[in-house]
Amino acid sequence: MARVELAVYSLLEVFHKYAAIEGDLLQLNIRELQTLLQRELPTIKQDDPLSEMDSNHDGEVDFEEFIIFITKSTASKWESYVRQLLKGTRNEKLEDETSTEKAMTVLIQTFLQYASKEGNPLCLEIKEMKHLLKAEMPTLYKCFTSHHRRTAEIMKMLDTDGNGEVDFKEFMTFIAKFALAVDMAVIRTVASSGT
Ligand SMILES: [Ca+2]
Ligand SMILES: [Ca+2]
Ligand SMILES: [Ca+2]
């Protein structure tokens, strides 16, 4: 079903849709950023979103800065999601969410679905990690297997603290790296097509 890849593509799409409104096509200026947050992430209240996100202080938000912000926001969404799940107060109302919120929820739900199969229900053990990648990130998985990457090597990329399981934060760090690589590949393709 490739739900994770589709969620990442929709995050890319949202960034570029708003970044292309005016000025630099690959950066969000303050106006574009405010429009994006109002329309796509209405529940996130940010007094000064630009200084929050603009880590290189150039007055604009590039895709890397955007995806890091999304990663952090998804990680805090994960925490409240799991808390509600444990209390049994979780109510699914995906239809009210914007495409960006949906992408974040899909990342959380897909991770949980695979993580809860065995061992720690909130972490991916190696087999769960492999199943998730194979089914939900098939393009990346095929790329790994065509380079003869072993599952243990792939696991090392995700399990950055080396404790033998992938927690949600580690997963989102991996997703951010993947999103950046996809974004760069897309930009390179567009640039080389001479438009
Ligand atoms: Ca910046
Ligand atoms: Ca598990
Ligand atoms: Ca870990």
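Asker: Looking at this structure, how should I read helix 1 (residues 3-19)?
Answerer: Counting along an α-helix, one turn takes 3.6 residues, and residues three or four places apart therefore face a common direction. Between its first and last C-alpha atoms helix 1 spans 24 Å; for 17 residues at 1.5 Å apiece the expected length is 24 Å, and the two agree. Regarding helix 1, the residues found buried are Val-4, Glu-5, Ala-7, Val-8, Leu-11, Leu-12, Val-14, Phe-15, Tyr-18 and Ala-19. On the buried face of helix 1, the contacting elements are helix 2 (30-40), helix 4 (63-87), helix 5 (99-115), helix 6 (126-136), helix 7 (138-146) and helix 9 (168-192).

Asker: Sorry, what's going on with the pattern of salt bridges here?
Answerer: Side chains that differ in sign of charge can pair as their charged atoms come close. The full count for this structure, using the stated rule, is 5 salt bridges. Between Glu-118 and Lys-127 there is a salt bridge, with the nearest N and O atoms lying 3.8 Å from each other.

Asker: Would you take a moment to explain the coordination of the calcium ion (ligand 3) for this structure?
Answerer: Ideal geometry at a metal centre: 109.5 degrees between donors when four sit tetrahedrally, and 90 or 180 degrees when six sit octahedrally. Around the calcium ion (ligand 3), the protein contributes the donor atoms Asp-159 (OD), Asp-161 (OD), Asn-163 (OD1), Glu-165 (O), Glu-170 (OE) and Glu-170 (OE), at 2.3 to 2.5 Å from the metal centre. Because the angles between the 6 donor atoms bound to the calcium ion (ligand 3) fall within 53 to 156°, the donor set is best described as irregular. Written as a sequence motif, the donor arrangement for the calcium ion (ligand 3) is D-x1-D-x1-N-x1-E-x4-E. The same class applies to Glu-165 and to Glu-170, which are both buried.

Definitions and limits used
- Residues numbered from 1 in each chain as written.
- Chains lettered and ligands numbered in written order.
- Predicted model: local features only at pLDDT ≥ 70, side-chain atom pairs only at ≥ 80, totals over all residues.
- Heavy atoms only, no water.
- Helix = DSSP H or I, 4+ residues; strand = E, 2+ residues; numbered from the N terminus.
- Expected span 1.5 Å × (residues − 1).
- Buried < 20%, exposed > 50% of the residue type's maximum accessible area, 1.4 Å probe, protein only.
- Contact = heavy atoms within 4.5 Å.
- Salt bridge = Lys/Arg side-chain N within 4 Å of Asp/Glu carboxyl O.
- Donors = N, O, S within 2.8 Å, 3.2 Å for Na, K, Ca; no water.
- Tetrahedral: all angles 85-135°; square planar, octahedral: opposite > 155°, others 65-115°.

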